[in-house]
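# Architecture and fold: a report
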Amino acid sequence: MGDQTIHALTRKIFLKITPPGNGDIIGDQERILNALTQEYGAVRFSRHLLKKVYPLCREANWEISLTLVKNGPTWELVELEPGDQRHRHFGVAVDLGSTSVAMKMVDLNTGRVLGEESLLNDQIQYGDDILSRIFYAKNKSEHLIAVQQATVSTLNALLHRLEEATGINAEESCIMVVSGNTTMIHFLLGIDPWPIFEYPFAPVFNHTGYLEARDLGLITSGYLYCMPSVANYLGGDTVSGLLVAGLHEKDELGLFIDIGTNGEMVLGNKSFLVAGAGAAGPALEGGISKNGMKATAGAVDSVIITKDELKLTTIGGHRPLGICGSGIVDLIAQMLLSGWIDFSGRFNPEKSPRIVIREGEYGVQYASRDESGNGEELLFTQRDMSQFIDTKAAASTMVAYLLERLGVEPLDVDRLYISGAFGTYINLESAITIGLYPDLPRERFVSLGNSSLKGAYALLTNSEKMEQVEILQERIEYLEFGAATDFISRMYAARFLPHTDFDLYPTVKAALKKQGRLR
């Protein structure tokens, strides 16, 4: 995006105010408010800024810069600075993920991204997955404080990194938009997320409005806005994603899918939006396998089997240390097409010497001790396979259930938007081969990348999106997958690769026939 004037979430203005004197003894605060009345109406002043007025205004000879944000019908004063500071107007967009946190520093005059950093979420010390963190904090205020502090320290560490990279002091950032799932936002505010997981699964809040960043211990001076959530499993990260995908603005039928620890899906267009979500599991982040790992250097990220010869690539071209989500999807798809596994995911040991038995369990050795980067044998076992197929079955059943509830055939979907890191790196053909995504014409798939971060950036740089955020939050109709009586039996049918019903996967059926795997 080039440099151009944008309508950022905050406004920065310069005022020259008549100083007090000659019987004009109106108060400093009122003097500033009177100068704003004509354009902004009633403006709210925080106590923190009131303490800043004197001696700042007098020392600046009443030439001051003000930063304002529109909060519903009123404007609020966010920052007060001496002199004309309009050229320095900065904000921060954040994707607060349960595994990693990404942050962008943005010039709010032009929309230019000045720096981008990401770090693992410090909360991980209290549990690898979200559920163990929730249990850790449940009814224990000191544990909850520890998780909140870990969240804030991650954000502050990112702000420090951006300071170093851009030379812009974190204090100068006047607004931060944070996008994260419902639990993450509860943790950020130090609010126990337990109600999200206990019947009737109602969060403590869905919308925070504007908060003062310093009240949470953040090192920025201004306001914090969290993307609102719709339901327990449908968080602000999904609302952000929809802002980017734009389903609500189009005539065509779109399906938004974000598969991470949870699977979130939204189907709709400008007339309606129906969403569903449920636990998908850590399988897709490589979190299930003993040799599974996140998508970092040394992770196997792609696999090809030709003439029963297994070839792989790794991130950074290093010797393999483990396998990440995209590598797992490729490995399973390739083994299915080559007959190394059957349609239920069971290994066929006679097909390759790489299919070995260890501790009474079959597995595929995708790197021997000599081939790996750590001198260890790298295996993907039958147990790993089973867990992955459970995750895949959950995800594909959610999609099928959502479509069916609305009387829609898979081919009626005009655009399928794939969000999240997993969706960015995965090989689309492999994902369809194993039945993770519906078998649609490939040109209908759109990869959004980190749509949670992109949505936070979209709102930060365009205040008109606030109205869309509110519309999305109100309009989405939420389906509880857990309440579907036949969900488990349908999941069982989806435990086959790609599915028990091959007719749902015509291109996979053709590929299997070509390989002699089907008659």
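All residue numbers refer to positions counted from 1 along the written sequence of the respective chain. At least 70 in pLDDT is required for a residue's local features to be given in this predicted model, at least 80 for side-chain atom pairs to be given and counted, and no such filter applies to totals for whole chains, interfaces and linings, which use all residues. Excluded from the side-chain calculations are hydrogens and water; all other atoms, namely the structure's heavy atoms, are used.

### Thoughts on the overall build of the protein
Applied cut-off: The helix and strand labels rest on DSSP assignments: H or I over at least four residues marks a helix, E over at least two residues marks a strand, and numbering proceeds from the N terminus. The globule rule used for comparison is 2.2 Å times the number of residues to the exponent 0.38, while the radius of gyration itself is calculated over C-alpha atoms. For every residue, the accessible area (1.4 Å probe, protein chains only) is compared with the maximum for its type, and the residue is labelled buried under 20%, exposed over 50%, or partly exposed between those bounds. We call two residues contacting when some pair of their heavy atoms lies within 4.5 Å.
Broken down by element type, the protein carries 14 helices and 22 strands. Relative to the compact-globule value of 24 Å for 519 residues, the protein shows a C-alpha radius of gyration of 26 Å, a close match. Its C-alpha atoms give the protein principal-axis dimensions of about 100 × 50 × 50 Å. Burial status across the protein gives 55% buried among its 519 residues. In the protein, of all internal contacts separated by at least 6 residues, the share reaching a separation of at least 24 is 64%.

### Thoughts on the pairing of strand 10 (residues 223-226)
Convention followed: When DSSP finds two or more bridges between two strands, those strands count as paired.
Along strand 10, one buried face is formed by Y223 and Y225 and the opposite face, lined by L224 and C226, is buried too. Examined bridge by bridge, strand 8 (residues 173-180) and strand 10 share 4 bridges and lie parallel to one another. Pairing of V178 across the sheet is with C226, part of strand 10. When strand 9 (residues 210-212) meets strand 10, the two strands line up antiparallel, connected through 3 bridges. Bridging from a neighbouring strand, L211 pairs with L224 of strand 10.

### Examining the layout of surface pockets
This is how it is decided: The method works on a 1 Å grid over the protein atoms by themselves. A cavity is a set of points holding a 1.4 Å probe that cannot get out, a pocket is an open set with protein on both sides within 12 Å along at least five of seven lines, and residues with an atom within 4 Å of a point line them. Grid points are joined across faces, edges and corners, and a volume is the space filled by probe spheres set on the points. Gly is put with the polar residues, along with every residue not named as nonpolar or charged; the nonpolar set is Ala, Val, Leu, Ile, Met, Phe, Trp, Tyr, Cys and Pro, and the charged set is Asp, Glu, Lys and Arg.
Roughly 530 Å³ of volume is contained in the second largest pocket. Along the walls of the second largest pocket sit 23 residues, with A400, L403, P410, L504 and Y505 positioned nearest its centre. A per-element tally of the lining of the second largest pocket places helix 8 (residues 382-405) first, with 6 residues. Across the lining of the second largest pocket, the residue classes tally to 14 nonpolar, 4 polar and 5 charged.

### Quick look at the environment of A42
Along the polypeptide, A42 turns up in the loop between helix 1 (28-40) and strand 2 (43-44). Linking A42 and C226, residues 184 residues apart in sequence, is a C-alpha distance of 24 Å.

### Examining unusual backbone geometry
Looking along the chain, the bond that leaves Y54 and enters P55 is cis, with omega of 10°. P498 follows L497 through a cis peptide bond whose omega is -10°. Residue placement: P498 occurs in the loop between helix 13 (487-493) and helix 14 (506-514). Phi is positive for N61, close to 55°, though the residue is something other than glycine. Overall, N61 belongs to the exposed group, its relative accessible area being 54%.

### Regarding the packing of aromatic side chains
Inclusion rule: When the centres of two rings from Phe, Tyr and Trp lie within 6.5 Å, Trp using its six-membered ring, the rings pair. Their planes under 30 degrees apart give stacked, over 60 give edge-to-face, and anything left gives tilted. Lysine NZ or arginine CZ positioned within 6 Å of the ring centre and within 35 degrees of the ring normal marks a charge as sitting over the ring.
Taken as a whole, this structure holds 8 aromatic pairs when the rule is applied. Seen from their ring centres, F197 and Y233 are 5.6 Å apart, and the 85° between their planes marks the pair as edge-to-face. Of this pair, F197 sits in the loop between helix 5 (182-188) and strand 9 while Y233 sits in the loop between strand 10 and helix 6 (236-245), placing them 36 residues apart in sequence. Look at Y437 and F445: their rings are 6.2 Å apart centre to centre, the planes differ by 45°, and that puts the pair in the tilted class. The pair formed by Y437 and F445 is uniform in burial state, with each residue classed as buried. Just above the ring of W62 sits the side chain of R31; from NZ or CZ to the centre is 5.9 Å.

### Points about the pattern of salt bridges
What counts is decided by this rule: When a carboxyl oxygen of Asp or Glu is within 4 Å of a side-chain nitrogen of Lys or Arg, the pair counts as a salt bridge.
Summed over all chains, the structure comprises 20 salt bridges. A salt bridge links E76 to R44, with the nearest nitrogen and oxygen atoms 3.3 Å apart. Separated by 32 residues along the polypeptide, E76 in strand 4 (residues 74-82) and R44 in strand 2 bring together distant segments of the chain. Judged by relative accessible area, E76 falls into the buried class, the value being 5%. Owing to a relative accessible area of 46%, R44 belongs among the partly exposed residues under this scheme.

### Structural notes on the packing of helix 6 against helix 12 (residues 465-475)
Our working rule: In this analysis, axes come from line fits to C-alpha atoms, helices being fitted only over the stretch in contact, and the angle between any two N-to-C directions falls in the range 0 to 180 degrees. Reported orientations rely on four angle classes, namely roughly parallel under 35 degrees, roughly antiparallel over 145, roughly perpendicular from 65 to 115, and oblique for the rest. Handedness of a crossing is defined here by the sense of rotation of the near helix relative to the far one, left-handed for an anticlockwise turn of less than a right angle and right-handed for a clockwise turn.
Orientation of helix 6 relative to helix 12, taken along the N-to-C sense of each, is 120°, at an axis distance of 10 Å. Here helix 6 lies oblique to helix 12, going by the angle between them. Handedness of the helix 6/helix 12 crossing: right-handed. The segment helix 6 lies against helix 12, with V239, L242 and L243 engaging K465, Q468, V469 and L472. Grouping the constituent residues of the contact of helix 6 with helix 12 by class yields 5 nonpolar, 1 polar and 1 charged.

### Considerations on the sheet that holds strand 8
One key point about sheets: their strands pair by backbone hydrogen bonds, in either a parallel or an antiparallel sense. Read across the open sheet, the 6 strands follow the order 7-6-5-8-10-9; overall the sheet is mixed. Since the sheet does not close on itself, it has two edges, and those belong to strand 7 (113-120) and strand 9, each with one partner. Pairwise comparison of adjacent strand axes, ignoring direction, gives a mean angle of 20° for this sheet. Here 7 bridges tie strand 6 (residues 100-107) to strand 7, and the two strands are oriented antiparallel to one another. Within the sheet, the bridge partner assigned to M103 lies in strand 7 and is E117. Contacts from helix 4 (residues 141-166) reach strand 5 (90-96), strand 6, strand 7 and strand 8, with the element oriented near 140° to strand 7.

### Let's talk about the nonpolar core
Going by this rule: For this analysis, a nonpolar core means a set of buried residues of the types Ala, Val, Leu, Ile, Met, Phe, Trp, Tyr and Cys, connected via side-chain atoms within 4.5 Å.
By size, the foremost hydrophobic cluster in this structure holds 62 residues, and its most contacted members are L255, L331, I332, M335, Y366, F380 and Y437. With 11 residues, helix 8 is the largest single contributor of residues to this core. Contact partners of I332, with chain neighbours within four places excluded, come to I341, F380, M385, F388, I434 and L497. By size, the runner-up hydrophobic cluster in this structure holds 41 residues, among which are V69, V106, C174 and V469.

### Structural notes on the sheet that holds strand 18 (residues 361-367)
Overall, antiparallel pairing links the 3 strands, which are arranged 17-18-19 in an open sheet. The sheet is open, and its two borders are formed by strand 17 (355-358) and strand 19 (378-381), each paired with just one other strand. Averaged over all pairs of adjacent strands, the angle between their axes in this sheet comes to 45°, without regard to strand direction. Inspection of the sheet shows strand 18 paired to strand 19 by 4 bridges, in the antiparallel sense. Residue pairing in the sheet places A367 in a bridge with L378 of strand 19. Across the sheet, helix 8 touches strand 18 and strand 19, and the angle it forms with strand 19 is around 55°.

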